[in-house]
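Observations on the model geometry
Each chain, written out:
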Amino acid sequence: MSALSVRQVRRRYLVLHGLRWLPTGLMVPVMILLMQERGLTLSQIGLVTVAQGLVVLALELPTGGLADALGRRPVLVVAWLVNLVSLGLFAVADSFALFFVVWALQGVFRALDSGPMEAWYVDATLAADPDARYEPGLGHAGTVVGVAMGAGALLGGGLVALGPVGSVSALTVPVLVAIALQAVALVALLVLLAEVGPGRGVGALRASVAEAPRMVGQAFGLLRRSRVLLALVCVELFWGFGMVTFESLLPVRLAEVVGDPDRAASLLGPASSAAWLAGAAGAALTPLLLRWLGAAPSAALLRIVQGATIVGMGLLAGPVGVLVAYLACYTVHGASNPLHMGLLHRQVDGPYRTSVISLNSMMAQPGFALGAVGLTMLADAASVSAAMLVGAVVLALAAPLYLPAWRAGRRVPASGASSGGDGPVDGPRGGPADPRSDDGVTPTSAGVRGT
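Residues numbered from 1 in each chain as written. Predicted model: local features only at pLDDT ≥ 70, side-chain atom pairs only at ≥ 80, totals over all residues. Heavy atoms only, no water.

**Structural notes on the packing of aromatic side chains**
Taken as a whole, this structure holds six aromatic pairs when the rule is applied. With centroids separated by 5.6 Å and ring planes inclined at 80 degrees, the aromatic side chains of F246 and Y330 adopt a geometry described as edge-to-face. Taken together, the positions of F246 in helix α10 (residues 227-258) and Y330 in helix α14 (residues 318-345) put the pair 84 residues apart, joining distant regions of the chain. Like F246, the residue Y330 is buried in the burial classification. Ring centres of W276 and Y330 lie 6.1 Å apart, and the angle between their planes is 55 degrees; on these two criteria the pair is classed as tilted. Residue W276 is found in helix α11 (residues 261-283), and its partner Y330 is found in helix α14; the two are separated by 54 residues along the sequence. Overall, Y330 belongs to the buried group, its relative accessible area being 11%. Ring-pair connections join several aromatic residues into one group, and the members of that group are F246, W276, Y326 and Y330. (Phe/Tyr/Trp six-rings, centres within 6.5 Å; stacked < 30°, edge-to-face > 60°. Helix = DSSP H or I, 4+ residues; strand = E, 2+ residues; numbered from the N terminus. Buried < 20%, exposed > 50% of the residue type's maximum accessible area, 1.4 Å probe, protein only.)

And the structure:
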């Protein structure tokens, strides 16, 4: 990794990030419709998609620990191979059982894929220059994701509009293109992602599998020892709950104000593409926010602003008002995510980075599940607007959880130690924590940069 410059690391990271999300964007317009075309009912589609969530919840932390122990490159290669297989099976699946397998494989892919590339980017950047700022690169990655998803969705819709190709249905064509793009992405990953791994071979694999549970345990240990890290991870619980408003309730709300579900669906297609581009624009604002307020204050403010945009979706009259609030919500989301992840990375040393990212990601799962049950029940009992308002308040309540990171960033300790669990913690024998000790917290990581 050290052979690459900071600029080279960032360029490779952004290219691979775009290639990873472009096939996903292609699938967005056709995923549900293709399963319906192959004979599945909406209730069956809901059941098969549950497979992904269950697998992700089960494997998120173990695979994060495996990536920390074995290396990020081999785990990503396996993840992208699994995605290639799942896309190939999706292209030919024609039964409930086969689609269930497709979504289970997608769960394996997402669990393996969650964290390793971002962890590689941060570690490779710091290996090239220990004083380098990696938050702007995380912001640029958000921009790349938005552009790739938006472009992929538009391309997928355009391919469907062109009609069938021979015996291949119009809805299947984007899937075949996504398969080809995923193969290209896999080759690019093998060429561009250079990593000095902990070890190779069958022996290294066995040792890494055995080591993975310890890495996960150490990741949980970090939460017990650092109030900053615990607060940052808990932000995801509130965010996952609030996410139900703009992912699940928005289509229902739009149908209410339009008065026609079919017209609402036609509006939501291009609006979704525009939302991803809005998120990309928001992510591009990350460097400006870092200079203006700093990472922690900006992240806290954006959680409140995002709650306000959800209030707009719930209260504004007419489709224009609802969709403008929807786009504003995604713009804020695009700006807040790089800030949050940058603060998270500052609390974690390299050996445990992927495990903590996976833990952070996993926290959104129970939050979303609680929101999906509670907010939909409230929508049935009262109204969709009332449910969206509750979701907005819960999401905004995460803002104070950035205070520990802000306080830690304001302190400039005279030594490598700090009190109260907001910075470096004591090592396993009570001595000062080493930068690469089992505590996984670097002496200078507690909010030094970006606040």
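**Some words on a nonpolar patch on the surface**
Residues W292, L293, L301 and V305 make up a contiguous nonpolar surface patch of about 370 Å² in total accessible area. Note that W292 resides in helix α12 (residues 286-292). (Patch = residues over 30% accessible without salt bridge, like charges linked within 9 Å, V, L, I, M, F, W, Y side chains within 5 Å. Areas by Shrake-Rupley, 256 points an atom, 1.4 Å probe, with all protein chains shown as cover. Salt bridge = Lys/Arg side-chain N within 4 Å of Asp/Glu carboxyl O.)

**Focus on the environment of V160**
Its place among the elements puts V160 in helix α7 (residues 135-161). For V160, a relative accessible area of 24% puts it in the partly exposed group. C-alpha separation for the pair V160 and V173, spaced 13 residues apart in sequence, amounts to 7.1 Å. When near neighbours in sequence (up to four residues on either side) are disregarded, V160 contacts V30, A170, L171 and P174. (Contact = heavy atoms within 4.5 Å.)

**Regarding the nonpolar core**
Of all hydrophobic cores here, the largest spans 60 residues; its most connected members are Y13, W80, W120, Y121, L189 and L343. Setting aside residues no more than four positions away along its own chain, Y13 makes contact with M117, E118, W120, Y121, G137, L138 and A141. (Core = buried A, V, L, I, M, F, W, Y, C linked by side-chain atoms within 4.5 Å.)

**Regarding α10**
With 32 residues, α10 ought to run about 46 Å at 1.5 Å a step, and its terminal C-alpha atoms sit 46 Å apart, in line with that. Within two residues after α10, G259 carries a phi angle of roughly 85 degrees, on the positive side. (Expected span 1.5 Å × (residues − 1).)

**Side note on the side chain of S336**
Residue placement: S336 occurs in helix α14. A residue is classified by how much of its surface remains accessible, and S336, at 2% relative accessible area, is buried. Contacts of S336, omitting those with residues within four sequence positions, involve L302 and R303.

**Points about the packing of helix α4 (residues 72-92) against helix α6 (residues 116-128)**
Closest axis-to-axis distance for the α4/α6 pair is 9 Å, and the angle between their directions is 150 degrees. Here α4 is positioned roughly antiparallel relative to α6, judged by the angle of their axes. For the pair α4 and α6, the crossing hand works out as left-handed. Together, R72, V75, L76 and W80 of α4 and P116, M117, A119, W120 and D123 of α6 make up the contact between the two elements. For the contact of α4 with α6, the class distribution of residues is seven nonpolar, no polar and two charged. (Axes fitted to C-alpha atoms, helices over the stretch in contact; angles between N-to-C directions. Parallel < 35°, antiparallel > 145°, perpendicular 65-115°, else oblique. Left-handed = near helix turned anticlockwise from the far one by under 90°. Nonpolar A, V, L, I, M, F, W, Y, C, P; charged D, E, K, R; others polar.)

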